[in-house]
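# Geometric and topological summary
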Amino acid sequence: MLRENRIEGEYLRWIDVTVWGDNVKAYMSLSEIDLETLVLSKPPGFRAYLAERILSSFDSPSQKRIDELWSKEVEDRIDAFERGEILAVGEGDAYEETEKRLR
């Protein structure tokens, strides 16, 4: 079982060990290669969840707010397009117009 505990930068896992005839649980270091092998052996849904968790750990609270605002902006623009309030512009036309404005 992979534990979230970390000691001196090492990932740990429980292993069964026999000590003087007694079966006990002990921590064992999990190398990066073992960790990669373990993660890649999981179903795609779990890997996607884990990837999202790892990527979101890079986000600051302000980045999350920025993402929320952009998400709302995108939804507002889609709604405006569907109501006929704004028109779609082709990629080529958009690039041409941008280049004209930058000159």
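Model, not experiment: these values are computed from the prediction. (Residues numbered from 1 in each chain as written. Predicted model: local features only at pLDDT ≥ 70, side-chain atom pairs only at ≥ 80, totals over all residues. Heavy atoms only, no water.)

Turning our attention to the overall build of the chain. Check the secondary structure of the chain and you find four helices and three strands. Each helix and strand of the chain, ordered N terminal to C terminal, gives the series β-β-β-α-α-α-α. Burial analysis of the chain (103 residues in total) assigns 4% to the buried set. For the chain, contacts bridging at least 24 residues in sequence account for 10% of all contacts bridging at least 6. For the chain, the exposed area adds up to about 9,300 Å²; of that, 56% sits on carbon and sulfur atoms. (Helix = DSSP H or I, 4+ residues; strand = E, 2+ residues; numbered from the N terminus. Buried < 20%, exposed > 50% of the residue type's maximum accessible area, 1.4 Å probe, protein only. Contact = heavy atoms within 4.5 Å. Areas by Shrake-Rupley, 256 points an atom, 1.4 Å probe, with all protein chains shown as cover.)

The geometry of two aromatic rings is summed up by the distance between their centres and the angle between their planes. Scanning all chains against the criterion turns up one aromatic pair. Ring centres of F46 and Y49 lie 6.4 Å apart, and the angle between their planes is 40°; on these two criteria the pair is classed as tilted. Linking F46 with Y49, this pair stays in helix α2 (residues 44-56), spanning three residues, or about one helical turn. Assessed through its relative accessible area of 38%, F46 is described here as partly exposed. By relative accessible area, Y49 is classed as partly exposed at 46%. (Phe/Tyr/Trp six-rings, centres within 6.5 Å; stacked < 30°, edge-to-face > 60°.)

Bringing the pattern of salt bridges into the picture now. Tallying each qualifying case throughout the model produces six salt bridges. Note that K72 and D76 form a salt bridge whose closest N and O atoms lie 2.9 Å from each other. With a gap of four residues between them, K72 and D76 both fall in helix α3 (residues 61-82), about one helical turn apart. Among the ionic pairs, R77 bridges to E73, the shortest N-O distance being 2.7 Å. (Salt bridge = Lys/Arg side-chain N within 4 Å of Asp/Glu carboxyl O.)

Moving on to a nonpolar patch on the surface. A surface patch of nonpolar side chains, amounting to about 370 Å² of accessible area, comprises I66, W70, V74 and I78. Residue placement: V74 occurs in helix α3. By relative accessible area, which is 42% here, V74 ends up partly exposed. (Patch = residues over 30% accessible without salt bridge, like charges linked within 9 Å, V, L, I, M, F, W, Y side chains within 5 Å.)

A residue-level look at the chain finds 68% of positions with pLDDT of 70 or above and a mean pLDDT of 79. The spread of mean pLDDT over the elements of the chain runs between strand β1 (residues 2-7), the lowest at 45, and α3, the highest at 90. For residues 1-8, every residue scores under 50 in pLDDT, and the model assigns this stretch 15 contacts once sequence neighbours within four places are set aside. (pLDDT = per-residue confidence, 0-100.)

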